[in-house]
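Coordinate inspection notes
Residues per chain are reported as follows:
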Amino acid sequence: MKKSFLFIFIAMLFVISGCSKKSVDIDAEKAAIKKVLINETSAYLKQDLVAVLDAFVQEEKAIYISVGSQGYREIIGFEDITKYFRASTQSDWSAYSDYKVEKSNWNINISGNNAMVYFNQTMHFKMNGEPMDTHSKEIRFMEKIKGDWKIVMLAWIDMSFFEKDVEGKTF
């Protein structure tokens, strides 16, 4: 009888511990997401193809969207995103220098292994020695895969092109 009771008690402990949810440190997850996005921007500006692509989910569901002075661009699938970033990293950016990027007004909403992220971005730089700025709205849909946050969808809206129409608006 004692052995049966002990066995049932130990079995119940395993069942109870198996049913308890893992505690997720939301602040740590948000910090990890920010790190991925900061590193992705930095890699892009350094024209580091490997690091840029590492930030993305490497599947056909990956999406890149940009809207700005050069129109609307939509790229679907990791293979085509790779082609786009490869061409970008092989371009001559020698006219551009002294990049300083500021990300602000972060909004990160995590649900399980998915996150919706949106923020404002200001980039200061020089083009042919002349100071310039861009302001953008950034939207990312992220997925946590094997413990790492990856970009599934990147949307970049260059607000510099639309500044007069949206002054004072923010996420």
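Scroll up to find the structure.
Let me begin by describing the structure that accompanies this report. What you see is a predicted model, and the numbers here were worked out from it, not measured in a lab. (Residues numbered from 1 in each chain as written. Predicted model: local features only at pLDDT ≥ 70, side-chain atom pairs only at ≥ 80, totals over all residues. Heavy atoms only, no water.)

Attention now goes to the environment of I65. If you trace the backbone, I65 turns up in strand 1 (residues 63-68). As a C-alpha pair, I65 and I139 span 74 residues in sequence and 9.6 Å in three-dimensional space. Non-local contacts of I65, meaning those with residues more than four positions away in its chain, are made with Y72, R73, E74, L154, A155 and W156. (Helix = DSSP H or I, 4+ residues; strand = E, 2+ residues; numbered from the N terminus. Contact = heavy atoms within 4.5 Å.)

Right, let's get into the sheet that holds strand 3 (residues 96-111). With mixed pairing, six strands are arranged side by side in an open sheet as 2-1-6-5-4-3. Each edge of the open sheet carries a strand with a single partner, namely strand 2 (71-76) and strand 3. Taking each pair of neighbouring strands and ignoring which way they run, the sheet shows an average axis angle of 20°. Here helix 2 (residues 26-45) sits on the sheet and contacts strand 3, strand 4 (114-127), strand 5 (130-145) and strand 6 (148-158); the angle it forms with strand 3, its principal contact strand, is near 150°. Here helix 4 (residues 78-89) sits on the sheet in contact with strand 1 and strand 2, set at roughly 130° to strand 2. (Pairing = 2+ DSSP bridges. Axes fitted to C-alpha atoms, helices over the stretch in contact; angles between N-to-C directions.)

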